[in-house]
Amino acid sequence: MDLLNNIYTGFTIALTGQNLLCCALGVLFGQLIGVLPGIGAPTAIALLLPLTFSFNPTSAIIMFAGIYYGVAYGGTITSILINVPGESSSVMTCVDGYAMAHKGRAGAALSIAAIGSFIAGTISIVLLMSFAPALARLALQFGPAEYFGLAIMAFGLLTVFGSGSPFKIIITTIIGILISTVGMDGVSGMPRFTFGVPHLLGGVDFVVVICGIFGLAEVFNCIEEPEGGVLVKDKFKLSDVFLTWQEWVDSRWAIIRGGIIGFLIGLVPAGGITTASFLAYMAEKKASKHPETFGKGEIAGVAAPESANNAASISGFAPLLALGVPGSATTAVMLAGFMMWGIRPGPLLFTSNPDLVWGLIASMYIGNVILLLMNIFLIPLFVALLRIPYSIMMGFIIIFASIGAYSVNNSMWDVWMMMGFGLFGYALKKLKYPIVPFILAMVLGRLVEQSLRQALILSAGSFSVFFTRPIAAFFILIALLAYCTPLIRFALRKAGYGKVDINIESL
Amino acid sequence: MWYANIIAGVAFLLLGAATVILAWLDLPYTSDFSPGPGFLPLWLGIVLTIASIPVIITEFIKTDHSGRLFRPETVKCVKVLILIVVVFLLLPIFGFSTGLALITAGGMRLMGKHSWGSCAAVVIATAICIHYLFGQWLGIPLPKGMIGW
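Residues numbered from 1 in each chain as written. Chains lettered and ligands numbered in written order. Predicted model: local features only at pLDDT ≥ 70, side-chain atom pairs only at ≥ 80, totals over all residues. Heavy atoms only, no water.

Draft legend 1. Broad picture of the overall build of chain A. For chain A, the count of helices and strands is 22 helices and two strands. Against the compact-globule benchmark of 23 Å for 507 residues, chain A has a radius of gyration of 22 Å, which places it among compact chains. On the principal axes, the C-alpha backbone points of chain A span a range of 70 × 55 × 50 Å. Looking at chain A as a whole, 62% of its 507 residues are labelled buried. For chain A, the share of sequence-separated contacts (at least 6 apart) that also reach a separation of at least 24 residues comes to 80%. Working note: accessible area of chain A is about 18,300 Å², and carbon and sulfur atoms make up 69% of it. (Helix = DSSP H or I, 4+ residues; strand = E, 2+ residues; numbered from the N terminus. Rg over C-alpha atoms; globule rule 2.2 N^0.38 Å. Buried < 20%, exposed > 50% of the residue type's maximum accessible area, 1.4 Å probe, protein only. Contact = heavy atoms within 4.5 Å. Areas by Shrake-Rupley, 256 points an atom, 1.4 Å probe, with all protein chains shown as cover.)

Now the structure itself:
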């Protein structure tokens, strides 16, 4: 009964004029961002975050959530039509989606992606509603030791799901935490790494960093590596989007499987929507009676990854809302938003801010319906967007990044800092250092230090607190195993089991 | 590319070492009932230093030195960067709205083959939009230049 009451409360909040407008704007904006290669959900949210200082937090979070799952929808369009994934989560969609487009079934591919995302998104919302409160109840037993273990586990899992050198992942994680220590120490009040600069006493603002890393750095990366593709068809009629009966039959289980895989991967901190779409595609290929058709325009090869990435983007809210630990760059940016509005996500959020939580969850239903309709009726509009030259778009990204950084403290110091972090992010990407661990570490850095120090105070300085409390010990064990994964992979390769890589590109 | 990775690895190693020294010298390792403000930075510095070593060694022993750090397009990045720096330095003259509009138009000239006329139109339209959208509607006190915007 409680659940039904909560859903009812959620809908009464999500259906207010202002929240409905924010939801519609969020999904529309997310869809546009997803279509445009070079701008991702974290970039969009990072650039908009400072402009929502005066917003009602519930409306702002509903809008940002809309952007997040809207991007997962939007990235599909470029994947199918020009073989360029608007988002890394749509990489797998390129494989069969573009092949379908070449067969003249682009409309059907776009349609199954939208329908699959809608159904899987709905599955994920229903599971999220049941799962998140239970997770929050469990998290009520968490003390500082458990939170420390949880954060360390999230960092450790990045080495499992990330690609590239694990040492580079560790380096960027450490630098992220290190930057979070700059400024006045929360316990002793002693300034750390400020070098006499008064602007640094308050620390390095997260918004400034993300405006640089996701705004300016992406501009430089896109200038250097322009993405392009050939539009297979530039005019669409409504009749193009209808599916044949056989296509329905071929994709129904792919949608369900993709939805469940996506939901489960989204729950894992650092799991990520790209990993979800990749695993769903591989699972579908394995389950298929005709795996040889994958890569040649198989509709299940579009339905599975698209369903999974949408489900994962929704279930990714569970660790954020229930534990206060973001699982991806986008949710990390949203956590910064929560902090900006003075809201602390975590187990108490469900009791202290039920309007926000249930309003957000209910808005996901509404957002998914809006996205389904938009994806069926507004495809020609999104196709037209592909013609905007990057030389124009680039200027607007710089404008948003600069104003976003400036508006934090109304100071040019932050704009220069944003520029410095932009160059840092550009260098990291160029040298193949992953960005996501840096962002997650920066946002979780204070939690790590605070919980570590609190746990040690409670245990009178004994580190045994991390191993005698079962939940904390479990998290730390997972983290240790995760950090050993590169060694396990290396051993498996040496033993002749080939390359054991889970992810392809997510970081 | 490999030498850039070695330089980056050494830079991170030095950063780690510097963090250890600063934390050791300037920040107390312990406080009355808990680790002090220097505890975490010290250990972060140690881990950073240690993690940098395999990166440097891996790049040193790498036999495949393919992959270029700079491409022809990198020149465009440098031009855009110089444009941004110059405009930011001249913001006291242009003001924030006009300055950012100039970056947009400059980017159009540098990156695309847009005419001077269309760039001028973009400067005017963008400056007006920034001024009214961010300055007036959202109430962000954007720095004004000599022209009063």
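There is more to say, and it comes next.
Draft legend 2. Focus on the pattern of salt bridges. Residues and elements named next belong to chain A. This model, assessed by the stated rule, comprises nine salt bridges over all chains. A salt bridge links Lys429 to Glu218; the nearest nitrogen and oxygen atoms lie 3.7 Å apart. Taken together, the positions of Lys429 in helix 19 (residues 412-430) and Glu218 in helix 9 (residues 206-224) put the pair 211 residues apart, joining distant regions of the chain. A relative accessible area of 42% places Lys429 in the partly exposed class. You can call Glu218 buried: its relative accessible area is 17%. Close ionic contact of Arg453 with Glu449 constitutes a salt bridge, the shortest N to O distance being 3.2 Å. (Salt bridge = Lys/Arg side-chain N within 4 Å of Asp/Glu carboxyl O.)

Draft legend 3. The interface of chain B and chain A, seen in detail. Across the boundary between the two partners, chain B contributes 57 residues, which contact 53 residues of chain A. Summing both sides of the interface, chain B and chain A together bury roughly 4,900 Å²; the carbon and sulfur share of this comes to 84%. Per-residue buried area on chain B facing chain A is highest for Phe12, Leu44 and Phe88 of chain B; these three make up 12% of the total on that side. Across the chain B-chain A interface, the total number found is zero salt bridges. (Buried area = accessible area lost by both parts, 1.4 Å probe.)

Draft legend 4. Representation of the packing of aromatic side chains in the model. Residues and elements named next belong to chain B. Counting across every chain of the model gives 18 aromatic pairs over all chains. For the pair Tyr29 and Phe39, a centre-to-centre distance of 5.2 Å together with 45° between the ring planes defines the contact as tilted. Taken together, the positions of Tyr29 in the loop between helix 1 (2-26) and helix 2 (39-61) and Phe39 in helix 2 put the pair ten residues apart, joining distant regions of the chain. Of note, Arg109 hangs over the ring of Trp116, and the distance from its end group to the ring centre comes to 4.2 Å. (Phe/Tyr/Trp six-rings, centres within 6.5 Å; stacked < 30°, edge-to-face > 60°. Lys NZ or Arg CZ within 6 Å of the ring centre and 35° of its normal.)

Draft legend 5. Region of the structure containing the packing of helix 18 (residues 390-409) of chain A against helix 19 of chain A. Residue and element names in this part refer to chain A. Between helix 18 and helix 19, whose axes approach to 7 Å, the crossing angle comes to 135°. For the element pair helix 18 / helix 19, the angle class is oblique. At the point where helix 18 passes helix 19, the crossing takes the right-handed sense. On helix 19, the residues that touch Ala401, Ser402, Ala405, Tyr406, Val408 and Asn409 of helix 18 are Met412, Asp414, Val415 and Met418. Among the residues making up the contact of helix 18 with helix 19, the classes are represented as seven nonpolar, two polar and one charged. (Axes fitted to C-alpha atoms, helices over the stretch in contact; angles between N-to-C directions. Parallel < 35°, antiparallel > 145°, perpendicular 65-115°, else oblique. Left-handed = near helix turned anticlockwise from the far one by under 90°. Nonpolar A, V, L, I, M, F, W, Y, C, P; charged D, E, K, R; others polar.)

Draft legend 6. Highlighting the packing of helix 4 (residues 57-82) of chain A against helix 16 (residues 354-377) of chain A. Residues and elements named next belong to chain A. Close contact between helix 4 and helix 16 brings their axes to 9 Å; oriented N to C, the two are set at 35°. In the packing of helix 4 onto helix 16, the handedness of the crossing is right-handed. For the pair formed by helix 4 and helix 16, the contact residues are Pro57, Thr58, Ile61, Ile62, Ala65, Tyr69, Gly70, Tyr73 and Ile77 on the first element and Asp355, Leu356, Gly359, Leu360, Ser363, Met364, Gly367, Asn368, Leu371, Leu372 and Asn375 on the second.

Draft legend 7. Here's a closer look at the side chain of Glu146 of chain A. Within the secondary structure, Glu146 of chain A is located in helix 7 (residues 144-161). Engagement of the side chain of Glu146 of chain A in a polar contact is seen with the backbone nitrogen of Gly143 of chain A, the distance being 2.8 Å. (Polar contact = N/O pair within 3.5 Å; in protein donor to acceptor, adjacent residues only side chain to side chain.)

Draft legend 8. Just helix 10 (residues 245-267) of chain A, in detail. Residues and elements named next belong to chain A. Its 23 residues place the ends of helix 10 34 Å apart at the C-alpha level, agreeing with the 33 Å of an ideal helix rising 1.5 Å per residue. At Ser251, helix 10 is bent by approximately 35°, the largest bend along its length. Looking only at helix 10, the buried set comprises Glu247, Ser251, Ala254, Ile255, Gly258, Gly259, Gly262, Phe263, Ile265, Gly266 and Leu267. Lining the buried residues of helix 10 we find helix 5 (91-102), helix 6 (106-139), helix 11 (273-287), helix 12 (300-315) and helix 13 (317-323). (Expected span 1.5 Å × (residues − 1). Bend = angle between axes of the 7 residues up to and from the residue.)

Draft legend 9. Up close: the environment of Ala113 of chain A. Residue and element names in this part refer to chain A. Within the secondary structure, Ala113 sits in helix 6. For the pair formed by Ala113 and Ile77, sequence separation is 36 residues and the distance between their alpha carbons is 9.0 Å. Those residues in contact with Ala113 that lie beyond four places of it in its chain are Thr76, Val302 and Glu306.

Draft legend 10. Quick look at helix 20 (residues 436-458) of chain A. Residue and element names in this part refer to chain A. Here helix 20 is 23 residues long and its end C-alpha atoms lie 32 Å apart, about the 33 Å a rise of 1.5 Å per residue gives. Approximately 50° is the largest bend angle found in helix 20, and it occurs at Leu444. Of all 23 residues making up helix 20, 18 are buried, and the element is well covered by its neighbours.

Any functional reading would require information that these geometric values do not contain.
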